[in-house]
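Analysis of the macromolecular model
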Amino acid sequence: MSGTNEKLPSVLQKQSLFQVSPPELVFENFATQEVSEMVLSLVNKDKFPRPVKVSMERSPHFELMCPNDVFHIVPPGTSSPLRIRFTPDEMKNYCHELVCLTARERIVVPIRAIGARAILHFPDQLDFSECPVKYSTQKTLLVHNIGNLAADYQLSNQR
């Protein structure tokens with residue numbers, strides 16, 4: 001042990017001073033050229049006001065609705081809301097990230113947008129009744145696409 005009068009930190013190094021809620025932003029059921037917004041909460045769990053820098057790389061689809069790359073002081077025990085605006089130009093998947101930087105940690109919040117999906121609905125079971133051995137049997141199957149994107153599919157059987 002050293003003879004210096006070093007103070008121990010009031011918070012353990014592995015414990016996060018901030019809590020981000022939700023831990024991931026997911027935009028769903030969006031329409032092209034229609035603006036959507038979600039709110040992210042950044043909570044200071046410490047007993048002291050803490051600075052945090054919130055930043056997001058430039059994107060034609062995602063926009064941080066507060067000053068970008070600037071330190072904000074978050075009072076102890078309070079929540080700082082951050083609005084993210086999403087403007088899609090196609091029905092596809094998008095991804096981006098928001099970075100919250102403090103003196104001690106870097107918190108990355110993934111941002112995703114889930115675009116159009118094909119969702120195929122099959123019957124739960126097929127009943128071929130009794131079939132002769134070594135004889136080919138056919139059955140008409142109705143497959144319904146309940147999603148909002150075209151789908152290709154191929155069925156095969158196991159022997």
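What you are looking at is a predicted structure, and each value in this text was computed from that prediction instead of being measured. (Residues numbered from 1 in each chain as written. Predicted model: local features only at pLDDT ≥ 70, side-chain atom pairs only at ≥ 80, totals over all residues. Heavy atoms only, no water.)

Topic: the sheet that holds strand β1 (residues 18-21)
Let me state the cut-off plainly: When DSSP finds two or more bridges between two strands, those strands count as paired. By the criteria applied, helices consist of DSSP H or I runs no shorter than four residues and strands consist of E runs no shorter than two, each listed in order from the N terminus. The axes are straight lines fitted to the C-alpha atoms, using for helices just the contacting stretch, and the angles between their N-to-C directions are given from 0 to 180°.
On the basis of which strands lie adjacent, the open sheet formed by four strands has the order β1-β3-β7-β5 and antiparallel pairing. Taken across any chain shown, the strands that pair with only one partner, and hence form the sheet edges, are β1 and β5 (62-64). Each strand axis lies, on average, 25° off the axis of its neighbour in the sheet, ignoring direction.

Some points on the nonpolar core
As a rule of thumb, nonpolar side chains are buried together in soluble globular proteins. Basically, it comes down to this: To form a nonpolar core, buried Ala, Val, Leu, Ile, Met, Phe, Trp, Tyr and Cys residues must be joined to one another through side-chain atoms within 4.5 Å. Note on classification: 1.4 Å probe, protein chains only; a residue is buried when its accessible area is under 20% of the maximum for its type, exposed when over 50%, partly exposed between these limits. Two residues form a contact once any of their heavy atoms are found within 4.5 Å.
Ranked by internal contacts, the top residues of the largest apolar core, which has 24 residues, are F62, L98 and I111. Breaking this core down by element, the ones donating at least two residues are β1, β2 (25-27), β3 (36-44), β4 (50-55), β5, β7 (79-86), β8 (94-101) and β9 (106-113). Looking at this core, the element that brings in the most residues is β9, giving four residues. With residues near it in sequence (within four places) discarded, F62 still touches F27, M56, I84, R85, F86, Y94, C95, H96, I111 and A113.

Describing the confidence of the model for the protein
Rules: pLDDT expresses how confident the predictor is about each individual residue, on a scale running from 0 to 100.
Here the protein averages 86 in pLDDT, and 91% of its residues register 70 or above. Predicted confidence for residues 1-12 stays below pLDDT 50, and this span has five contacts to residues more than four positions away or in other chains.

Notes on the environment of P81
Counting through the fold element by element, P81 comes out in strand β7. Under the relative-accessibility criterion, P81 is labelled exposed at 57%. For P81, the contacting residues outside a window of four places in its chain are V39 and L40.

Some points on the side chain of H96
As a reminder of what qualifies: We define a polar contact as two N or O atoms separated by no more than 3.5 Å, with the added condition that, inside protein, one atom must be a possible hydrogen donor and the other a possible acceptor, whereas residues neighbouring each other in sequence contribute only through side-chain atom pairs.
Looking at the element boundaries, H96 is found in strand β8. Note on H96: relative accessible area 18%, which makes it buried. A polar contact of 2.9 Å, which involves the side chain of H96, links it to the backbone oxygen of E57. Residues contacting H96, with those up to four places away along its chain left out, are M56, E57, R58, S59, F62, V109, P110 and I111.

Regarding the pairing of β9
Taking every second residue as pointing to the same face, the buried face of β9 carries I107, V109, I111 and A113, while none of R106, V108, P110 and R112 on the other face is buried. By the bridge criterion, three bridges tie β2 to β9 in an arrangement that is parallel. Within β9, the residue paired with L25 across the bridge is I111. Connecting β8 to the next strand, β9, in antiparallel fashion are four residues.

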